[in-house]
Amino acid sequence: MKRVALALGVMVWAMPLAAQNISNSPHNLSTSGQTVGNTVYASTETQICVFCHFPHSTGNPTYLWNHAATTASYTFYTSSTMNAATPTALSGSSLYCMSCHDGTVAIGDVVLPPEGGTDPIAMVGVEADGSMPLTSPARLGTDLSDDHPISIQYEDGLFSSTNEDLGLRDRSDTNTVTNGTITLHLEGEKVQCGTCHNPHDNTNAPFLEASNTGSQLCLTCHLK
Ligand code: HEC
Ligand code: HEC
Ligand code: HEC
Ligand code: HEC
């Protein structure tokens with residue numbers, strides 16, 4: 001990549017970064033994840049999508065979800081200045097992410113095993129109970145009080161100019177916040193993990209929807 005950049009000089013700078021696919025990201029949990037430098041990967045399983053999706057799911061039909069669900073309860077972010085109501089439970093994509101990232105469910109614990117494979121899928125680099133390594137910064141745990149609020153309404157109240165949070169950018173439609181070239185998606189008007197992260201694309205590590213250079217991701221929503 002570096003060599004190409006040198007050869008093509010200015011032309012390359014003008015081009016957007018090439019999208020990195022899931023195969024060469026930390027979410028390649030299959031056995032080939034080892035070859036891209038991951039520390040958590042399957043002993044023998046070669047499929048990549050099966051950890052999270054199954055083509056004929058009997059689990060959660062939304063997104064053909066195939067990872068065993070977390071049943072943990074969480075401590076959420078609170079503050080005296082936040083307008084949005086603190087959630088009572090996780091929802092949307094946050095529930096999907098936390099089924100691996102809270103550390104209570106084995107990484108290889110799926111609803112349906114892959115063709116010819118096992119459930120749980122045998123993994124390398126995980127704790128004895130199969131969960132995310134205790135040493136991994138990606139193991140967020142169940143205390144989310146020190147993490148950006150999630151499963152919260154963007155602008156408390158409805159999508160209307162009479163009940164808006166003046167510290168937040170107006171939405172361009174119910175579920176979209178846009179600033180310049182960055183567009184972020186809310187889920188049912190809520191900020192979820194999937195609002196800021198794209199689990200399939202690590203072009204903007206760590207799996208960010210857009211680069212956070214100059215805090216531009218934050219400034220997409222916050223008027224600061
Ligand atoms: C580590 C978990 C994980 C893996 C592995 C994964 N996905 Fe996903 N995928 C998700 C999550 C979480 C969502 C929910 C939407 C979101 O937040 O982006 C999703 C949503 C989707 C969607 C619907 C929304 C969209 O972004 O288009 C498609 C299609 C999809 N995944 C395809 C795939 C395919 C194909 C693979 C394998 C090459 C794959 N995914 C691997 C986690 C994963
Ligand atoms: C099937 C389990 C699983 C699911 C579901 C999952 N992840 Fe991950 N994720 C992992 C593992 C394993 C790692 C690697 C941890 C390590 O090596 O320390 C990881 C790493 C990450 C990282 C760190 C990447 C880096 O460059 O260091 C981020 C960010 C992340 N995941 C976000 C998400 C988000 C957001 C979702 C939901 C949209 C999600 N993950 C869903 C298993 C999962
Ligand atoms: C408001 C945006 C936002 C939301 C919502 C969000 N994240 Fe992140 N997350 C970020 C940013 C930005 C970073 C990178 C921080 C940095 O600069 O290192 C990050 C980093 C991470 C990391 C890497 C941690 C580390 O220390 O290496 C993981 C794992 C992660 N997020 C998972 C999640 C999960 C799971 C959720 C939902 C429970 C979530 N994030 C919700 C913006 C967000
Ligand atoms: C998708 C939109 C979005 C993005 C992107 C985003 N935030 Fe937020 N953030 C919110 C919303 C909505 C709230 C809740 C605000 C409220 O209701 O008062 C919030 C709350 C917060 C709070 C707590 C405010 C309080 O009053 O306690 C902090 C601090 C914060 N965000 C910082 C950040 C930082 C830093 C980033 C970038 C890493 C970021 N946010 C990215 C939407 C976003």
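Residues numbered from 1 in each chain as written. Chains lettered and ligands numbered in written order. Predicted model: local features only at pLDDT ≥ 70, side-chain atom pairs only at ≥ 80, totals over all residues. Heavy atoms only, no water.

### Thoughts on the coordination of the iron atom of ligand 2
Working step 1: Taken together, the protein ligands of the iron atom of ligand 2 are His 27 (NE2) and His 101 (NE2), with distances of 2.0 Å.
Working step 2: Coordination geometry of the iron atom of ligand 2: the six donor atoms subtend angles of 84 to 178° at the metal centre, consistent with an arrangement described as octahedral. Pair noted here: His 27 is in the loop between helix H2 (10–14) and strand E1 (41–42) and His 101 is in helix H3 (residues 92–101), with a separation of 74 residues, a long-range link.
Working step 3: Among the residues examined, His 27 registers a relative accessible area of 25% and is labelled partly exposed. (Donors = N, O, S within 2.8 Å, 3.2 Å for Na, K, Ca; no water. Tetrahedral: all angles 85-135°; square planar, octahedral: opposite > 155°, others 65-115°. Helix = DSSP H or I, 4+ residues; strand = E, 2+ residues; numbered from the N terminus. Buried < 20%, exposed > 50% of the residue type's maximum accessible area, 1.4 Å probe, protein only.)

### Observations regarding the nonpolar core
For soluble globular proteins, nonpolar side chains are generally found buried alongside one another.
Working step 1: Membership of the largest hydrophobic core comes to 13 residues, with the highest contact counts inside it found for Tyr 154, Val 177, Leu 184, Leu 186, Val 191, Leu 217 and Cys 221.
Working step 2: The contacts of Leu 184, once residues within four sequence positions are left out, are Asn 175, Thr 176, Val 177, Thr 195, Glu 209, Leu 217, Thr 220 and Cys 221. (Core = buried A, V, L, I, M, F, W, Y, C linked by side-chain atoms within 4.5 Å. Contact = heavy atoms within 4.5 Å.)

### Considering the site of ligand 1
Working step 1: Taken together, 13 residues sit near ligand 1, with Cys 49, Cys 52, His 53, Tyr 63 and His 200 positioned nearest.
Working step 2: His 53 has a polar side-chain atom sitting 2.8 Å from a nitrogen atom of ligand 1.
Working step 3: In the environment of ligand 1, a nitrogen atom lies 2.8 Å from a nitrogen or oxygen atom belonging to the side chain of His 200.
Working step 4: Considering only residue class, the shell around ligand 1 consists of eight nonpolar, five polar and no charged. (Near = heavy atom within 4 Å. Polar contact = N/O pair within 3.5 Å; in protein donor to acceptor, adjacent residues only side chain to side chain. Nonpolar A, V, L, I, M, F, W, Y, C, P; charged D, E, K, R; others polar.)

### Notes on the coordination of the iron atom of ligand 4
Working step 1: At this site the iron atom of ligand 4 is bound by His 148 (NE2) and His 222 (NE2), with donor distances of 2.0 Å.
Working step 2: In this structure, the iron atom of ligand 4 is surrounded by six donor atoms whose angles at the metal cover 87 to 179°, and the resulting shape is octahedral. Of the two residues, His 148 sits in the loop between strand E2 (123–124) and strand E3 (152–153) while His 222 sits in the segment after helix H5 (216–221), which places them 74 residues apart along the sequence.

### Observations concerning the packing of aromatic side chains
Working step 1: Counting across every chain of the model gives two aromatic pairs.
Working step 2: Ring centres 4.1 Å apart and planes at 15° place the aromatic pair Trp 65 and Tyr 96 in the stacked group. Of this pair, Trp 65 sits in the loop between E1 and H3 while Tyr 96 sits in helix H3, and the two are 31 residues apart along the sequence.
Working step 3: Seen in terms of ring centroids, Tyr 74 and Phe 76 are 6.3 Å apart; in terms of plane orientation they differ by 45°. Their pairing is tilted. Taken individually, Tyr 74 and Phe 76 each receive the classification buried, so the pair is uniform in this respect. (Phe/Tyr/Trp six-rings, centres within 6.5 Å; stacked < 30°, edge-to-face > 60°.)

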